[in-house]
Amino acid sequence: MKLFFRICPALIIGLGLLTTARGQAPAPVVEGLPQSAPTDWHLLDPSVGPYQGISLERAYEEVLKGKTPEEIVVAVIDGGIDIEHEDLDGVIWTNPGEIPDNNQDDDGNGYVDDIHGWNFIGGPDGSHVDGETLELTREYVKLKPKFENAKPDELSKKELAAYTYFKELEEEYEAKQSEAEMGFNNMLQYFFIFAKGKQMAEEELGEKPFTAENVQALEPANDTLKEIKPFLVSLLEQGATVERLQSDMEYFQDKMEYHYNVESNFREIVQDNPDDPNERYYGNNDVEGPDADHGTHVAGIIAAERGNEVGMDGVANSVKIMALRAVPNGDERDKDIANAIRYAVDNGAKIINMSFGKDYSPNKSVVDAAVKYAQKKKVLLIHAAGNEGADIDYSDNFPTKSLKKAHSGKYAKNWIEVGANSWGRGGRFVASFSNYGDNTVDVFAPGVDIYSTIPDSKYDNFDGTSMASPVVAGVAAVIWSYFPELKYKQVKKIILESAIRYPGKQVKTPGGGDKVDFDELSITGGIVNLYEAVKMADEMTK
């Protein structure tokens, strides 16, 4: 999976296992900034304030005012979208060639009643794949019967290469499965100690709130509370809550139950042949699925209805979102991603957002073929760089713009790889979790504390390059809808060349590395900016 809002190392305490899935804990005051940014910080203008946003309103007011945009379709390949959300229901794509609920393939595209998109991880009975294994686990299980007890000196040269690959998989699988089990056990302990400590502390605090400062000032009469008081204070100082600890515990539980499960076949729900990467027609038309938090958040960043005085505003104002469900709680399968890309292209999407990734891609060739198909049809692909704080010039984050072999240097021309910046000027300039690479990542965009839509007409703050990617997809949609005569290469060129540069800006390398110049973390060395982009587009079209 690595749906890129997932777990980011925002809170490191105790055994280093407390993390946050949805929004980092409030950070201490730095550089005179408040503890948290405004909910619309990613849209603000960095030239007139402290936040590294995209100058959205300036673009609409100074360049686009009086211009009429054309409607553009943006496909979101993700885990599902709540298409009835109050801030999205007016911007969801509807297939003009399909008659709803007549159980027929009216437009002849191979998908029955695909009214708002398609679900490639659903069954014909309307069921869904929710949790799934990682590709690491699937590769390990596939090779284990042949090589578990193999003797290297009895293998052919070709078999020996496969055996070596299997042993690498085995070592990684066993280490990560053990790490997940240890993480769950520790988080379980943290959760119960914190919950019990909170109950005891609140009894002694009376009307005072349960804060680090107030707990620190306590002189507990209860011996148990006296013993765990330092632990409670430490957790509270780093933003812990019962809900957050429970979420982190469930994160590790999912890893054990789904990601590293070698016994269960979660895919059987779909009733396809998972070993046939070229199979095209399977799934169902329910584009929301059982967990649409991530996809709904991504869709809102791009296109939440603007100016309706509800919730928040998306980047683009003339967009229809095509919902394509292909990413479970686990690693997506290459065939599903390839088919989702082809569906988007064939059904009129001009831009495809892909906020997901994984470490292994056994059928990379089918994804590459779909990427090249999209390029041939002049469709722009926007992809999140990932949240490991890694240099992806040297590590893998699939799918990738590098065609054929990973890091081959033969890049798709219709691809933009996006890292995440934060909202501060100094220490919070770059997201601490963001992947980077001065040959691989094209540009950075806001990806920390991004406020957007979640299911049931609610809103929340998420972190991740998952959030940065749809910011760029939204910028691309604005450019193309207001300047439809532009080619996809020109739209990409404008986004990259108009990005705001920060020459000489020193930042800490994501993942905890040394300080480097910001321009060493991506090809452009810049942060996407809508005002500069539409200004350049306006000049180019004149």
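The rules behind the values
- Once a new chain begins, its residue numbering starts again from 1 and follows that chain's sequence as written.
- This being a predicted model, a pLDDT of at least 70 is required before a residue's local features are given, and a value of 80 or more before pairs of side-chain atoms are given or counted; all residues contribute to the totals for chains, interfaces and linings.
- The basis for every side-chain value is the complete set of heavy atoms in the structure, and neither hydrogens nor water enter the calculation.
- Going along the chain from the N terminus, every DSSP run of H or I of four or more residues is numbered as a helix, and every run of E of two or more is numbered as a strand.
- Exposure categories follow from relative accessible area, calculated using a 1.4 Å probe and restricted to protein chains: below 20% of the type maximum is buried, above 50% is exposed, and the middle band is partly exposed.
- By this rule, a helix spans an expected 1.5 Å times one less than how many residues it contains.
- Working rule for contacts: check all heavy atoms of both residues, and any pair within 4.5 Å makes them a contact.
- With axes taken as lines fitted to C-alpha atoms, and helix axes fitted only over the stretch in contact, angles between N-to-C directions fall between 0 and 180 degrees.
- Just so you know how the angles are binned, under 35 degrees is roughly parallel, over 145 roughly antiparallel, 65 to 115 roughly perpendicular, and the rest oblique.
- Here a crossing is called left-handed whenever its near helix is offset anticlockwise from the far helix by less than a right angle, and right-handed whenever the offset is clockwise.

Undergrad: Explanation requested: unusual backbone geometry in the structure shown.
TA: Peptide bonds are, in most cases, trans, and in most cases residues other than glycine have a negative phi. Each neighbour pair has its own omega, and for Phe-398 with Pro-399 the value is 0°, a cis peptide bond. On the secondary structure map, Pro-399 appears in the loop between strand S5 (380-384) and strand S6 (415-421). Here Asp-113, not a glycine, exhibits a phi torsion of approximately 55°, which is positive. Its location among the elements puts Asp-113 in the loop between strand S1 (72-78) and strand S2 (117-119). The buried category is assigned to Asp-113, whose relative accessible area is 7%. Phi at Ser-457 is positive, roughly 55°, even though this residue is not glycine. By secondary structure assignment, the location of Ser-457 is in the loop between strand S8 (450-454) and strand S9 (458-462).

Undergrad: Quick question: what am I supposed to make of helix H2 (residues 135-147) here?
TA: The α-helix winds at 3.6 residues per turn, so residues separated by three or four positions along the chain end up facing the same way. Between the first and last C-alpha of H2 there are 18 Å, a value that for 13 residues agrees with the 18 Å anticipated at 1.5 Å per step. For H2, every residue scored as buried is listed here: Glu-135, Leu-136, Thr-137, Arg-138, Glu-139, Tyr-140, Leu-143 and Phe-147. Those residues of H2 that are buried are in contact with helix H3 (157-205) and helix H6 (242-259).

Undergrad: What should I look at first to understand the packing of helix H8 (residues 334-346) against helix H9 (residues 364-376) in this one?
TA: The geometry of a pair of packed helices is captured by two quantities: the angle between their axes and the separation between those axes. Close contact between H8 and H9 brings their axes to 8 Å; oriented N to C, the two are set at 10°. Considering their axes alone, H8 and H9 lie roughly parallel with respect to each other. The handedness of the crossing between H8 and H9 is left-handed. Contacts between H8 and H9 involve Asp-334, Lys-335, Ile-337, Ala-338, Ile-341, Arg-342, Val-345 and Asp-346 on the former and, on the latter, Lys-364, Val-366, Val-367, Ala-369, Ala-370, Val-371, Tyr-373 and Ala-374.

Undergrad: Help me understand H9, please; the structure alone is not making it clear to me.
TA: With 13 residues, H9 extends 18 Å between its outermost C-alpha atoms, agreeing within 8% with the 18 Å of an ideal straight helix rising 1.5 Å per residue. Within the span of H9, buried status applies to Lys-364, Val-366, Val-367, Asp-368, Ala-370, Val-371 and Ala-374. Buried-residue contacts for H9 involve H8, S5 and S6. At the exit of H9 stands Lys-378, carrying a positive phi of roughly 65°.

Undergrad: Would you mind showing me how to read the packing of helix H10 (residues 465-482) against helix H12 (residues 530-541) here?
TA: Viewed as axis vectors pointing N to C, H10 and H12 meet at an angle of 25°, and their least axial separation amounts to 10 Å. Between H10 and H12, the crossing angle belongs to the class labelled roughly parallel. For the pair H10 and H12, the sense of crossing is right-handed. Between H10 and H12, the residues in contact are Val-475, Val-478 and Ile-479 and Leu-530, Ala-533, Val-534 and Ala-537, respectively.

Worth remembering: the numbers are spatial, not functional.
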